[in-house]
Amino acid sequence: MGTKLFSLACIRGTGAGDGYSCGLSPRPHYPSMPKYPKGVLVDVERNTEPTEARVLFSVTGMTCSACAGSVEKAVKRLPGIKEAVVDVLNNRAQVMFYPSYVNEETIRETIEDVGFEATLIMEEPNEKSTQICRMLIKGMTCTTCSSTVESALRAIRGVHKAQVALATEEAEVHYDPIIVSHEQFMKTIEETGFEAILISTGEDMSNINLQIDGPWNDFPVNMIQKSLQALPGVEKVDIDTNLRKCSISYKADLTGPRSFIKVIESTGSGSTGQFKAKIFPRGEGRDSHRQDEINQYKRSFMWSLVFTVPVFLTSMVFMYIPGLKHLLDTKIVNMMTIGHLVRWILSTPVQFFIGRRFYTGSYKSLRHGSANMDVLIALGTNAAYFYSVYSVLRAAASPHFEATDFFETSAMLISFILLGKYLEVMAKGKTSEAIAKLMDLTPDTATLLTFDSQGNVVNEEEIDSRLIQRNDVIKILPGAKVASDGFVTRGQSHVNESMITGEARPVGKRKGDPVIGGTVNENGVLHIKATRVGSESALSQIVQLVESAQMAKAPVQKLADRISKFFVPLVIIFSFSTWLSWFLSGKFDGYPKSWIPSSMDSFQLALQFGISVMVIACPCALGLATPTAVMVGTGVGAAQGVLIKGGQALESAHKVDCIVFDKTGTLTIGKPLVVNTRLLKNMVLREFYDLIAAAEVNSEHPLAKAIVEYAKKFRGDEENPVWADAHNFESITGHGVRAIVQNKEIIVGNKSLMLKKSIGISIDAEEILTEVEELAQTGILVSIDGQLTGVLAISDPLKPGAREVISILKSMKIKSIVVTGDNRGTANSIAMEVGIDDVIAEAKPEDKAEKVKELQASGHVVAMVGDGINDSPALVAADVGMAIGAGTDIAIEAADIVLMKSNLEDVITAIDLSRKTFTRIRLNYIWALGYNLLGIPIAAGVLFPFTGFRLPPWIAGAAMAASSVSVVCCSLLLKYYRRPRILETLEIQGITTV
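Please read all numbers here as calculations on a predicted model, not as lab measurements.

J.: Please clarify how the overall build of the protein should be interpreted in this entry.
T.: If you tally the helices and strands in the protein, you get 34 helices and 38 strands. Of all intrachain contacts in the protein linking residues separated by at least 6 positions in sequence, the fraction that spans at least 24 positions is 71%. For the protein, the computed accessible surface area is about 44,700 Å², with 55% contributed by carbon and sulfur atoms.

If you want it as C-alpha cells, here you go:
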C-alpha cells in the first residue's frame, strides 16, 4: 500500500498537470495560515524552530473532494497546525503539527466534528529512508519455523515490514537504517535457532565482492580498506581475511569495480608485495547454499542407509533364514541376543549423529515457545529408541523376559525422513528456476572500448561483464548478448528482446536508441554506452520484482499459518491419547488378546500406534501448499511477459469478473496522429500550427505530442525546431491548455473547455466534430483570441486483436467496460468497434476511481487496465491493477500486474494463469489436509479392529515424507503451463501469436 500511496503522491507533486490527461482534483486552497500559531516565539537569529510531528489518520465516510476540503479546512483552523493534506481516494489525512499546541486526539475529534469517522494509524514509512535487507535462512522446516522468525524480526524497533518465505527460505526486511542495522537481523535470526546468510542490503547502492590475492597481514589490509573508503561513492568496505574476500557497497554513478581493482593492485610494493584482485567466483549466492543443503541431505541419507539397511535386514529378513536366525537369536547375557545388540549398535549413530539435526531443531523451537516438525520426529524416534534400549537392558538383566525392540522403527524413520527432505529440497530448488534463467541472460564477458581524444578506438579489452561501469562503451558483435543497459552510439542492427519484453519480432536499433542488457544482437556491430549497471539494470529490476513477488504471502496462506500454531501441540496430545487409550484398553481387556501380534504385548502395540500418529502428521505439506505454487506461478508469468507482484495479486486476479479498460494506449496503440485539419478562419496553415505547437509543447499528453510532431512537418528539415515563447501557460485538467503566444490568447482543447471559456461553437464546427467522432477520431478545437479558428482530427488506431480479446473475455464470463477522458462520440465509436457495451466518457482520474469503487460495491471483483499517470488512482482502487509495460513509471508502480509485452491478450494470460495457480493451491490444500485428516486416524488404529490393518511407524514416517514431496511436485506441474489454446491460434493482422 505504501508504494501505491507514493505513486499518488508523485501525481500530486507534478504541479500543473496535463491538459488532456486527467490528474487528481486540485486541493482546495484556503487563506494562508501563519507558519506558527499565535504565541509561538521563533528565534530568528539562532534559526530555531519548535519541534514538529506528523500523524496519519484513516478517515471514513468521505465521498468527494468537497468532503476532503471540509476536513482539511477544519484541521487547518486548529492552532499549531503546519500542514494538512487529505487523500479522498485512499480515505487518509496526513497532518504536520506542533505538539506543544495541539495533540493527535484533538485533531481526531475535529475530524469527527466535521461528520467523518477518524482513526489514528501508524504512519507510513518514508520510502526514501527505508532500506531493504534480504537474507537466506537455513534450517526452517515448516510454517511454524517461518512464523517464529517473522515474529522475531517484526518485534525489532525500526523494522517497518518483515516477510519470511518458507519455500524460498528467505527473509525480506524493510527497515529504518538510522534505528537498526542488518547485523541485528542476523543476530535475531540466529537467536531463534536458525542460520542467517546476508544476500543484499541497502538502497540505491550496488554491491560487489572481490577476491584479493597477496601477502595478507594487518598493515596492507588496513591500507586497502582505507584506500577504498577514500574513493568517492564508496559507502562501506568489509574484508574477510579467512576467505580473502572484500565486500564493497557503492553508488554506481560515482565509481565502479574497475576503480576498486586498480586501487587494490596499486596498494603494496617492495617488502609488502603486490596484490591482485578479481571478481569473487560465481556461485556464492542462494544457489550455492541450496546446493550445499541438497548435498548435506544426500550425504546424511546415504550414511543413514549404511546403518539402517543392516538393521532392517536383521529385524525383517534374516529372521526368516534358518541359519542366520539361529545366529541372531544366540543369547549373550540372560535373554539379550546377538540380534538385539547388533541392532542397538547400528541404530545408535542414526539416532544421535545422523539425526542430530532433529534434536537441535527441536531444542531451538521449544526454546522460543513453539513446536515444529522436528519436535514430532524427535519425540517419535526417541520413544521407539529408548523403549527398545529399556527392553534390551531388561532382557539382559532377567533370565525370563523376552525383549521386543523397535530399533528398526527409529532408524528407518530417520532414513525415510531424510530421503523426503532431500527430494523436497531438490524440488523446491526447481520452483525458482525462472529467476535462475533470468539471471543467466547476462553474458559472462564484454568487450570494453577505449577511445582517444578524437573519438577513435585505440583499444579493445575483454572484461568480466560485472566490471562494466556507467558511461563505458561496449562493443556488441552479431549474435552476442548485450552486456548492459544503455543506448547505441554507433552502428545499426536488429535486437531480439523477446527474453525481456516477450516481443517476438526483432526491434530495429540505430544511433540514440536504447538497448536492454541480456537481449541478443541479431546482425550488425553496435557500440553502446552503458547507462544502468548492476542492480539498476532492467534485468536486475525484473529479477527483484519476481523475488519480491515470491516473498509476498497470498491471503489464502493465512489458513496454513493459523493451523500451524496449534498443529504440533494437538498432534502430541492426540498421539499420547492414542497410546493411553490402546494401553488402557489392553490392560482392562477392552479388546480380544488375539488382536495383539505374537511378538508384542499390549503396551508395545499401544506404543506403536502412538508413535505412528506422531510421525505421520505433517505440518510441512500445509506450509508449502501456497508458497510453492505462488513461486512457480509468478516465475511462469515472468517467462510469459506477465510480471505478477505477489500472492495477493495472484489470488485477486483469479476472482476477477469485471475489467475496466482505459482507451488511449490500452485499447488503442497510444501513438495518436493528426489526420485532418479544418480551418474555420482564413489563415496560413504553418502560422496556425506554429501558434498551437508553441502552446502544446509545454504539455506531456500524447495528444499534445501528436500536434507538436505534426507541426514539425511545416518546418522542413529542422530536427528540433524552436517554438515561440508561451506565457501564462495553464493546463486545464481533463480539458486542454491555454497560453499567450505572440500576444495572442491560444486555447486548445475539447468542446467543454470552449463552452467554459464562453467561446461560441458554430454549426459548421458542431458538424465537423460529429463527423470526426463517428470515425472514432478525437476532435480538438482551437481558439485564437476568443475566436474558434480550427478543428483538428486526431486518430489513435486500435491495438491488433483488441476485438478478439474482448470476445474471449465475454466467453470467460468477464464483463468489459471502457472508461476514458476522451469525448463521448469517440469513446462510443471505439467501444462499438471492439464490442464493449458500457462506456464512460470524459472521465477525470477521480471519476475512473469512483467507477471502480461503484462496481466493487455492486459485488464485482474489478481489474483496471491502464497505462498513464491519470490511470493510477483507478489502478490503486481496483482489486487488481494491470499496467501496460509501455506505460508510465507511475502507472507501473501503482499496478499489481505489469504486462511487459503491452499486448491486450496478456490480460487473458494473467487471469488464466492465476486461475490455474489457485486450482493448484486448492489441490495442494485438499491433499495436505486430506492426508492428515485420513492418515492420523489410520495411524491411530481406527481400521485395526475391523480389518486388522496396522500402520507401522516407519511406514507412517515414509508417508509423512512423501506428502511434502508430493505437494511440491504438484506445484511444479505449473511449469508446464500453456496459454489458453484460443490465444495460440489468435491471428493478429496476419501474424499468429506464439
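J.: Is there a simple way to think about the packing of helix 22 (residues 685-696) against helix 23 (residues 702-712) in this case?
T.: Describing two packed helices takes the angle between their axes plus the distance from one axis to the other. Packing of helix 22 against helix 23 brings their axes to within 9 Å, and their N-to-C directions diverge by 140 degrees. Relative to helix 23, the element helix 22 is oriented oblique. When you trace helix 22 past helix 23, the crossing you get is left-handed. Where helix 22 abuts helix 23, its residues Tyr689, Ile692, Ala693 and Glu696 lie against Ala704, Ile707, Val708, Tyr710 and Ala711. By residue class, the composition of the contact of helix 22 with helix 23 is eight nonpolar, no polar and one charged.

J.: Even after reading the chapter, I still don't get the side chain of Asn382, so can you show me in this structure?
T.: By the secondary structure assignment, Asn382 is in helix 12 (residues 373-397). The residues touching Asn382, leaving out its near neighbours within four places in the chain, are Gln351, Tyr359 and Tyr387.

J.: I tried to follow the packing of aromatic side chains on my own but got confused; where do I start?
T.: What characterises a pair of aromatic rings is the spacing of the ring centres plus the angle enclosed by the ring planes. Overall, the coordinates contain 23 aromatic pairs when judged by the stated rule. Look at Tyr175 and Phe185: their rings are 5.0 Å apart centre to centre, the planes differ by 80 degrees, and that puts the pair in the edge-to-face class. On the criterion of sequence distance, the pair formed by Tyr175 in strand 7 (residues 170-175) and Phe185 in helix 5 (residues 182-191) is long-range, its members being ten residues apart. Summarising the burial analysis for this pair, Tyr175 and Phe185 share the class buried. On the basis of an interplanar angle of 90 degrees and a centroid distance of 5.2 Å, the ring pair of Tyr385 and Phe386 is categorised as edge-to-face. Classification of Phe386 as partly exposed rests on a relative accessible area of 45%. A connected cluster of aromatic rings, assembled from ring pairs, spans Tyr387, Tyr390, Phe576, Trp579, Phe583 and Phe603. Here Arg357 stacks its cationic end above the ring of Tyr297, 4.4 Å away from the centre of that ring.

J.: Can you help me understand the sheet that holds strand 6 (residues 159-165) in this one?
T.: Paired through backbone hydrogen bonds, the strands of a sheet run either parallel or antiparallel to each other. On the basis of which strands lie adjacent, the open sheet formed by four strands has the order 6-7-5-8 and antiparallel pairing. Strand pairing shows two members of the sheet lacking a second neighbour, strand 6 and strand 8 (195-200), which therefore form its edges. Averaged over all adjacent pairs, the angle separating strand axes in this sheet is 25 degrees, with direction ignored. The sheet strands contacting helix 4 (residues 143-154) are strand 5 (131-138), strand 6 and strand 7, and the helix crosses strand 6 at an angle near 170 degrees. Lying on the sheet, helix 5 is in contact with strand 5, strand 6, strand 7 and strand 8; it crosses strand 8 at an angle near 150 degrees.

J.: How do you make sense of the pairing of strand 23 (residues 526-532) when you look at a structure like this?
T.: Consecutive side chains of a regular strand alternate in pointing toward one face of the sheet and then the other. Strand direction decides the pairing type here: strand 17 (residues 473-476) and strand 23, joined by four bridges, are antiparallel. Across the sheet, the residue bridging to Lys475 is His527, located in strand 23. Where strand 18 (residues 485-490) lies against strand 23, five bridges are found, and the strand directions are antiparallel. Bridging from a neighbouring strand, Asp485 pairs with Arg532 of strand 23.

J.: Just to check I follow, could you spell out helix 3 (residues 104-114) for this structure?
T.: An α-helix turns once every 3.6 residues. As a result, residues three or four positions apart point the same way. Along helix 3, the residues that are buried comprise Ile107, Thr110 and Ile111. Along helix 3, the residues classed as buried sweep out an arc of 100 degrees about the axis, all on the same side. N-cap assignment for helix 3: the residue whose side-chain oxygen lies 3.3 Å from the backbone N of Glu105 is Asn103.

J.: Explain the environment of Leu441 to me, please; I cannot follow it from the model alone.
T.: On the secondary structure map, Leu441 appears in the loop between helix 14 (433-439) and strand 15 (445-451). Measuring from C-alpha to C-alpha, the distance between Leu441 and Gly517 comes to 8.2 Å, with 76 residues separating the pair along the chain.

J.: Help me understand a nonpolar patch on the surface, please; the structure alone is not making it clear to me.
T.: Together, Val317, Ile321, Leu324 and Leu327 give the surface a local cluster of nonpolar side chains, amounting to about 280 Å² of exposed area. As for its position among the elements, Ile321 is in the loop between helix 8 (286-317) and helix 9 (322-328). A relative accessible area of 36% places Ile321 in the partly exposed class.

J.: Teacher, can you tell me more about the nonpolar core here?
T.: Proteins that are soluble and globular tend to have nonpolar side chains buried together. Counting 129 residues, the largest nonpolar core has Leu153, Phe185, Ile659, Leu809 and Ile897 as the members making the most contacts within it. A total of twelve residues in this core trace back to one element, the largest contributor, which is helix 31 (residues 905-939). In this structure Leu809 touches Ile659, Phe661, Ile814, Ser816, Ile908 and Ile911, once residues within four positions along its chain are discounted. Counting residues in each nonpolar core, the second largest holds 35 residues, with Cys246, Phe275, Leu448 and Val515 among its members.

J.: Explain the sheet that holds strand 17 here, please?
T.: Read across the open sheet, the six strands follow the order 16-15-17-23-18-21; overall the sheet is antiparallel. Looking at strand neighbours, the two that pair on one side only are strand 16 (457-464) and strand 21 (514-515), the edges of this open sheet. Where strand 15 and strand 17 come together, three bridges link them in antiparallel fashion. In the strand pairing of strand 17, Thr447 is matched with Lys475.

J.: Is there a simple way to think about the pairing of strand 32 (residues 815-819) in this case?
T.: With respect to burial, strand 32 is a largely interior element, four of its five residues being buried. Of the strand pairs in this sheet, strand 25 (residues 658-661) and strand 32 are connected by four bridges, and their pairing is parallel. Of the residues in strand 32, the one forming a bridge with Ile659 is Ser816. For the crossover from strand 32 across helix 27 (residues 824-834) to strand 33 (residues 838-840), the handedness is right-handed.

J.: Explain unusual backbone geometry here, please?
T.: Where the residue is not glycine, phi is negative for most of them; where a peptide bond is considered, it is trans in most cases. Phi is positive for Asn334, which is not a glycine, with a value near 50 degrees. By secondary structure assignment, the location of Asn334 is in the loop between strand 13 (331-333) and strand 14 (336-337). One non-glycine residue, Gln742, adopts positive backbone phi at about 50 degrees. Here Gln742 is to be found in the loop between strand 28 (736-741) and strand 29 (744-749).

J.: What is the right way to read the packing of helix 26 (residues 802-811) against helix 31 from this model?
T.: Taken N-terminus to C-terminus, the directions of helix 26 and helix 31 make an angle of 25 degrees; their axes are 9 Å apart at the nearest point. As summarised for this structure, helix 26 and helix 31 are arranged roughly parallel, according to the angle between their axes. Only Glu905, Ile908 and Ile911 of helix 31 make contact with helix 26, whose side of the interface consists of Val805, Ile808 and Leu809. Taken together, the residues of the contact of helix 26 with helix 31 break down into five nonpolar, no polar and one charged.

J.: Just checking my understanding: could you explain the confidence of the model for the protein for this structure?
T.: Keep in mind that low pLDDT regions are not for reading the predicted coordinates in detail. Here the protein averages 78 in pLDDT, and 84% of its residues register 70 or above. Confidence, read as mean pLDDT per element, is least for helix 1 (residues 2-12) in the protein (36) and greatest for strand 29 (91). Here residues 123-128 is modelled with pLDDT under 50, and outside its nearest four sequence neighbours on either side it reaches 13 contacts, counting other chains as well.

J.: How do you make sense of the pattern of salt bridges when you look at a structure like this?
T.: Charged atoms that come close allow side chains of opposite charge to pair. Inspection of every chain in the model, using the stated rule, returns 20 salt bridges. Salt-bridge contacts for Glu709 lead to Lys712; the nearest nitrogen and oxygen are separated by 3.0 Å. On the criterion of helical spacing, the pair formed by Glu709 and Lys712 is a turn pair, its members being three residues apart in helix 23. Looking at Lys712, the relative accessible area reads 22%, which means it is partly exposed. Close ionic contact of Arg738 with Glu745 constitutes a salt bridge, the shortest N to O distance being 2.9 Å. Residue Glu745 is classed as partly exposed on the basis of its relative accessible area of 24%. By sharing partners, the salt bridges in this structure join Glu105, Arg108 and Glu112 into a single network.

J.: How should helix 12 be read in this particular structure?
T.: Between its first and last C-alpha, helix 12 extends 36 Å over 25 residues, near the 36 Å set by a 1.5 Å rise per residue. Burial analysis of helix 12 places 18 of its 25 residues in the buried class, which makes it a mostly covered element.

J.: Honestly, the environment of Lys799 in this entry has me stumped. Any pointers?
T.: For Lys799, the location among the structural elements is in the loop between strand 31 (787-795) and helix 26. Every residue in contact with Lys799, bar those within four places of it in the chain, is listed here: Gly665, Thr666, Leu667, Thr668, Ile669, Ile884, Ser902 and Leu904.

J.: How do you make sense of the environment of Val697 when you look at a structure like this?
T.: Looking at the element boundaries, Val697 is found in the loop between helix 22 and helix 23. Judged by its relative accessible area of 40%, Val697 falls in the partly exposed class. Between the C-alpha atoms of Val697 and Ala726, which are 29 residues apart in sequence, the distance is 9.1 Å. Beyond its immediate chain neighbours, meaning those up to four positions away, Val697 contacts Val708 and Trp723.

What counts and how
Residues numbered from 1 in each chain as written. Predicted model: local features only at pLDDT ≥ 70, side-chain atom pairs only at ≥ 80, totals over all residues. Heavy atoms only, no water. Helix = DSSP H or I, 4+ residues; strand = E, 2+ residues; numbered from the N terminus. Contact = heavy atoms within 4.5 Å. Areas by Shrake-Rupley, 256 points an atom, 1.4 Å probe, with all protein chains shown as cover. Axes fitted to C-alpha atoms, helices over the stretch in contact; angles between N-to-C directions. Parallel < 35°, antiparallel > 145°, perpendicular 65-115°, else oblique. Left-handed = near helix turned anticlockwise from the far one by under 90°. Nonpolar A, V, L, I, M, F, W, Y, C, P; charged D, E, K, R; others polar. Phe/Tyr/Trp six-rings, centres within 6.5 Å; stacked < 30°, edge-to-face > 60°. Buried < 20%, exposed > 50% of the residue type's maximum accessible area, 1.4 Å probe, protein only. Lys NZ or Arg CZ within 6 Å of the ring centre and 35° of its normal. Pairing = 2+ DSSP bridges. Arc of directions from axis to C-beta. Polar contact = N/O pair within 3.5 Å; in protein donor to acceptor, adjacent residues only side chain to side chain. Patch = residues over 30% accessible without salt bridge, like charges linked within 9 Å, V, L, I, M, F, W, Y side chains within 5 Å. Salt bridge = Lys/Arg side-chain N within 4 Å of Asp/Glu carboxyl O. Core = buried A, V, L, I, M, F, W, Y, C linked by side-chain atoms within 4.5 Å. Right-handed = clockwise from strand over helix to strand, strands pointing away. pLDDT = per-residue confidence, 0-100. Expected span 1.5 Å × (residues − 1).

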